[in-house]
Amino acid sequence: YNGCLASGDKGRRRSRLALSRRPHANGVKPDVMHHISTPLVSKALSNRGQHSISYTLSRSHSVIVEYTHDSDTDMFQIGRSTENMIDFVVTDTSPGGGAAEGPSAQSTISRYACRILCDRRPP
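Reading guide: rules and limits
Residues numbered from 1 in each chain as written. Predicted model: local features only at pLDDT ≥ 70, side-chain atom pairs only at ≥ 80, totals over all residues. Heavy atoms only, no water. Helix = DSSP H or I, 4+ residues; strand = E, 2+ residues; numbered from the N terminus. Buried < 20%, exposed > 50% of the residue type's maximum accessible area, 1.4 Å probe, protein only. Lys, Arg positive; Asp, Glu negative; His and termini not counted. Salt bridge = Lys/Arg side-chain N within 4 Å of Asp/Glu carboxyl O. Polar contact = N/O pair within 3.5 Å; in protein donor to acceptor, adjacent residues only side chain to side chain. Contact = heavy atoms within 4.5 Å.

An unreviewed UniProt entry annotates the protein as Pellino-like protein 3 of Mustela putorius furo.

Looking at the side chain of Asp70
Along the chain, the position of Asp70 falls in strand β3 (residues 61–70). In this structure Asp70 is buried but unpaired, with Lys29 as the nearest side chain of opposite charge at 4.3 Å. At a separation of 3.2 Å, a polar atom in the side chain of Asp70 contacts the side chain of Thr73. Discounting chain neighbours no more than four positions away, the residues touching Asp70 are Ala25, Gly27, Val28 and Lys29.

As for the environment of His61
Tracing the chain through its elements places His61 in strand β3. The partly exposed category is assigned to His61, whose relative accessible area is 27%. Note: C-alpha distance between His61 and Ile36 (25 residues apart in sequence) is 5.7 Å. Once residues lying within four places of it in the same chain are set aside, the contact partners of His61 are His35, Ile36, Tyr55 and Thr56. Among the polar contacts listed, one links the side chain of His61 to the side chain of His35, at a separation of 3.3 Å.

What follows is the structure, encoded as structure tokens:
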């Protein structure tokens with residue numbers, strides 16, 4: 001993420017992210033989907049050994065998707081978090097074009113912004 005300059009982006013170099021095949025596959029794929037009417041009483045959310053994502057659709061309805069290992073893909077994660085599981089850390093910019101800093105700055109980038117899944121075998 002390059003942000004934007006107040007004077008314009010003319011002559012600015014674009015950043016690039018290099019992806020390469022990992023020594024061991026670390027991809028995930030959706031496995032089981034649960035439709036929950038009481039979101040807080042879910043085994044999927046309380047099981048630390050199970051990778052899952054919860055989507056709250058309304059106060060009375062959530063969907064929980066459990067994921068399983070996928071030996072055919074490599075996963076790369078992008079976000080603002082500096083934790084080890086994030087492969088590419090991106091920084092936010094404030095509306096004026098500068099870096100957003102300080103405790104009052106509200107980030108527009110999610111802690112875990114996105115994932116890129118790449119097939120380990122060429123097409």
